[in-house]
Amino acid sequence: MFPHWIEEASLAKVKTLGLYIHVPFCRRACHYCDFYFTPRASLMEDYVEALLREIEAYRDILGAFPIQTVFLGGGTPSWLPQQLLGRIFQRLATFSTFSPTEVTLEANPEDIYPDNLRFWHGLGVTRISVGIQSFSAQVLFSLGRFHDPNTARQAVEYLSESEIPSWNADLIFAVPGQTVESFLEDIDFLIKKRVPHLSLYGLTIEEHTVFYKKLQLGRINLVDEEIYATAYLRAHEFLANAGLIWYEISNWAQPNHECRHNWRYWRREPYIGLGPSAHSYIPEVRWANSRSLRTYISDWANNTYSIEMVERLSPQDVLTELWITKFRTRIGIAWSDLQGLSDRVIRKLKVAVAQAKDKGWLYETDTGFRLSPRGALFSDELASRFSVITETALAYH
């Protein structure tokens, strides 16, 4: 028996599923993070009990299609004790459809050591995504990270020696006080360690974060846009020379090490999100779980879906999403993605594309167009411009 919002979706379009599991526990808040989390480890067991109930509630849908990818994100999934993490995987293993080709676990450097890596490998984890952020003590302190540079370097050594077949390192750039040179040194260290996958995120300051409060008080300044662009473009050149493939605005990988689960988001393929604040998508319905862990636990104690939002996507919504998902990738947009738009609208888009190409922001492909490295710096502006053209057309239609 499917929940009503899944019954309203186009199940005929589903071939495989991705599974996202949100683990909402962190030891403390990083200064840049506005994700939902709690430091209360005492709630971990209650959280897992609620999660197992949610898994059971979705048994009909999870058991109907092959579960192709799994991503445990957070929060800090690596902080979850082995016993509790094992219970989650034991329950998933009861599904005949559970035979994923990729299982990613997000981890912090302080949790990466041989015993944990062996345990995770035994569970079937194929990929670790580690939040390094920087190897600079000054930058780590500024970011409010829990680990120090030596812990980060040791984590990389352990990952390099592990049986887990792939791993990713996150780095942050454009941090107040950080230099372009120190950022490139971080990348160089990881390249020398043959990092299979690298994610580079320019610092954005969100409301309800420590950085935002410091900015409001005048205690920090935003990094100059030219420095931001220089760091990003020099990283591009550095990674291309090292043989890593740029496949999404913030992501580079060695051949065959791209994150398959994230591709599901960018290609708008179906996935189920479990845990507080997790989102799900089955064409063309999206829904989100309650953000509050206590609400989530309480709802599932009463066997009630802990749902905060259900959204039915219109054709206009689908086109808008296209500009913020697939447009970000090396695939880019194909003109066939825009079927249904009038010739007049396509002509307007082609003019806008030509203007962006003249600025060096886009490349033409055999089927359409995609971002250039410099264009990635203006991706939000471009996506907004193209979205306005298509939205206006649909509204008029």
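This one's a predicted model, so the numbers in the text were calculated from it and none came from an experiment.

## Considerations on the pattern of salt bridges
Then, in step 1: This model, assessed by the stated rule, comprises 18 salt bridges.
Then, in step 2: Of the charged contacts, one joins Arg330 and Glu258 as a salt bridge, the two residues approaching to 2.9 Å between their closest N and O atoms. On the criterion of sequence distance, the pair formed by Arg330 in the loop between α13 (315-324) and β13 (333-334) and Glu258 in the loop between β8 (251-253) and α11 (260-266) is long-range, its members being 72 residues apart.
Then, in step 3: Ionic pairing is found between Glu364 and Lys357, a salt bridge with its closest N-O pair at 2.5 Å.
Then, in step 4: Residue classification places Glu364 among the exposed positions, given a relative accessible area of 56%.

## A few points about the packing of helix α2 (residues 44-57) against helix α4 (residues 82-92)
Then, in step 1: It is the contact of α2 with α4, at a shortest axis distance of 10 Å, that shows an interaxial angle of 5°. Classed by the angle they form, the pair α2 and α4 counts as roughly parallel. Facing Met44, Glu45, Val48, Glu49, Leu51, Leu52, Ile55 and Glu56 of α2, the residues of α4 in contact are Leu84, Arg87, Ile88, Arg91 and Leu92.

## A short note on the environment of Ala288
Then, in step 1: Summarising the element assignment, Ala288 is placed in strand β11 (residues 285-289).
Then, in step 2: Residue Ala288 is classed as buried on the basis of its relative accessible area, which comes to 3%.
Then, in step 3: Between the C-alpha atom of Ala288 and that of Val310, which follows or precedes it by 22 residues, the distance is 6.7 Å.
Then, in step 4: If sequence neighbours within four positions are ignored, Ala288 has contacts with Ala278, His279, Ser306, Ile307, Glu308 and Met309.

## Brief notes about the sheet that holds β13
Then, in step 1: Strand order in the open sheet formed by 3 strands is β13-β15-β14, with antiparallel pairing between adjacent strands. The sheet terminates laterally at β13 and β14 (362-364), the two strands that pair on one side only.
Then, in step 2: Inspection of the sheet shows β14 paired to strand β15 (residues 368-371) by 3 bridges, in the antiparallel sense. From the neighbouring strand, Tyr363 faces β15, where its bridge partner is Arg370.

## Section: the packing of aromatic side chains
Then, in step 1: Summed over all chains, the structure comprises 25 aromatic pairs.
Then, in step 2: Note on Tyr58 and Tyr305: the rings are 5.5 Å apart at their centroids and 70° apart in plane angle, and the pair reads as edge-to-face. Within this pair, whereas Tyr58 is found in the loop between α2 and α3 (59-62), its partner Tyr305 is found in the loop between α12 (293-301) and β12 (307-312), the two being separated by 247 residues in sequence.
Then, in step 3: Judged by relative accessible area, Tyr305 falls into the partly exposed class, the value being 27%.
Then, in step 4: A connected cluster of aromatic rings, assembled from ring pairs, spans Trp5, Tyr58, Trp287, Trp300 and Tyr305.
Then, in step 5: Note that Arg27 overlies the ring of Phe146, its terminal NZ or CZ placed 5.7 Å from the centroid.
Then, in step 6: Over the face of the ring belonging to Trp263 we find Arg267, whose NZ or CZ atom lies 4.3 Å from the ring centre.

## Observations concerning the environment of Lys15
Then, in step 1: With respect to the helices and strands, Lys15 occurs in the loop between α1 (4-7) and β1 (17-23).
Then, in step 2: Looking at Lys15, the relative accessible area reads 58%, which means it is exposed.
Then, in step 3: Sequence separation between Lys15 and Ala64 is 49 residues; the distance between their C-alpha atoms is 9.5 Å.

## Let's talk about the packing of α2 against α12
Then, in step 1: Following both chains from N to C, one finds α2 and α12 inclined at 55°, their axes separated by 9 Å at the closest point. What the angle tells us is that α2 and α12 run oblique. Of the two elements, α2 crosses α12, and the hand of that crossing is left-handed. Across the interface between the two elements, Asp46, Tyr47, Ala50, Leu51, Arg53, Glu54 and Ala57 of α2 pack against Leu293, Tyr296, Ile297, Trp300 and Ala301 of α12.
Then, in step 2: Classifying every residue of the contact of α2 with α12 by side-chain character gives 9 nonpolar, no polar and 3 charged.

## Things to note about unusual backbone geometry
Then, in step 1: At the junction of Gly74 and Gly75, the peptide bond is cis and its omega measures out at 15° in the coordinates.
Then, in step 2: You will see that Ala174, though not glycine, has its phi angle at about 65°, which is positive.
Then, in step 3: Within the secondary structure, Ala174 sits in the loop between β5 (166-173) and α8 (180-192).
Then, in step 4: Relative accessible area serves as the criterion here: at 13%, Ala174 is assigned to the buried category.
Then, in step 5: Unlike most non-glycine residues, Asn303 shows phi in positive territory, near 55°.
Then, in step 6: Structurally, Asn303 can be placed in the loop between α12 and β12.
Then, in step 7: In this structure Asn303 comes out as exposed when scored by relative accessible area, which is 55%.

Reading guide: rules and limits
Residues numbered from 1 in each chain as written. Predicted model: local features only at pLDDT ≥ 70, side-chain atom pairs only at ≥ 80, totals over all residues. Heavy atoms only, no water. Salt bridge = Lys/Arg side-chain N within 4 Å of Asp/Glu carboxyl O. Helix = DSSP H or I, 4+ residues; strand = E, 2+ residues; numbered from the N terminus. Buried < 20%, exposed > 50% of the residue type's maximum accessible area, 1.4 Å probe, protein only. Axes fitted to C-alpha atoms, helices over the stretch in contact; angles between N-to-C directions. Parallel < 35°, antiparallel > 145°, perpendicular 65-115°, else oblique. Contact = heavy atoms within 4.5 Å. Pairing = 2+ DSSP bridges. Phe/Tyr/Trp six-rings, centres within 6.5 Å; stacked < 30°, edge-to-face > 60°. Lys NZ or Arg CZ within 6 Å of the ring centre and 35° of its normal. Left-handed = near helix turned anticlockwise from the far one by under 90°. Nonpolar A, V, L, I, M, F, W, Y, C, P; charged D, E, K, R; others polar.

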